[in-house]
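These are the residues of each chain, in order.
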Amino acid sequence: MEIINRKENALLNRVEIEFTLNHDSEPTPSLAEMISLVLKLEPGSKKELVYIKNVNTRFGMPQTSGLALIYASEESTSTEPDYIKTRHKIPEESTGGN
């Protein structure tokens, strides 16, 4: 995973990371895989406070880009819509049994 841009947004109490991810000869990474890669980029961040948005994989190219939002606290995530929060609970539950 390569960081294109890293911005600390003090107003929303979060770190915003634009990234690209090369996945030669592998399928597009799942949401859970992208979250775990972001956790490696930002030590001390918590899995439940990381949100991945704007994911785009160009057809025929092994490269995915996106935006990772890493919040400092649970209260700060109130700006995220409920459907985004619901979407991010699914990978956590599915990887828990592995």
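Scroll up a little and you will see the structure.
Note that the coordinates shown come from a computational prediction; the quantities given were computed from them, not determined experimentally. (Residues numbered from 1 in each chain as written. Predicted model: local features only at pLDDT ≥ 70, side-chain atom pairs only at ≥ 80, totals over all residues. Heavy atoms only, no water.)

J.: When you look at the pattern of salt bridges in this model, what are you seeing that I'm missing?
T.: Oppositely charged side chains can form a pair if their charged atoms are brought close together. A complete count under the given rule lists five salt bridges for this structure. In this structure, Arg 6 engages Glu 8 in a salt bridge whose closest nitrogen and oxygen atoms are separated by 3.1 Å. The class of Arg 6 is partly exposed, set by a relative accessible area of 37%. On the accessibility criterion, Glu 8 (58% relative accessible area) is exposed. Among the salt bridges present, the one from Glu 80 reaches Arg 14, with a minimum N-O distance of 3.7 Å. Remark: Arg 14 occurs in strand E2 (residues 14-22) and Glu 80 occurs in the loop between strand E4 (63-71) and helix H2 (82-95); sequence separation between them is 66 residues. Neither Glu 80 nor Arg 14 differs from the other in exposure class; each is buried. Each of Arg 14, Glu 16, Lys 53 and Glu 80 takes part in a single network of salt bridges with overlapping partners. (Salt bridge = Lys/Arg side-chain N within 4 Å of Asp/Glu carboxyl O. Buried < 20%, exposed > 50% of the residue type's maximum accessible area, 1.4 Å probe, protein only. Helix = DSSP H or I, 4+ residues; strand = E, 2+ residues; numbered from the N terminus.)

By themselves, these figures tell us nothing about what the structure is for.
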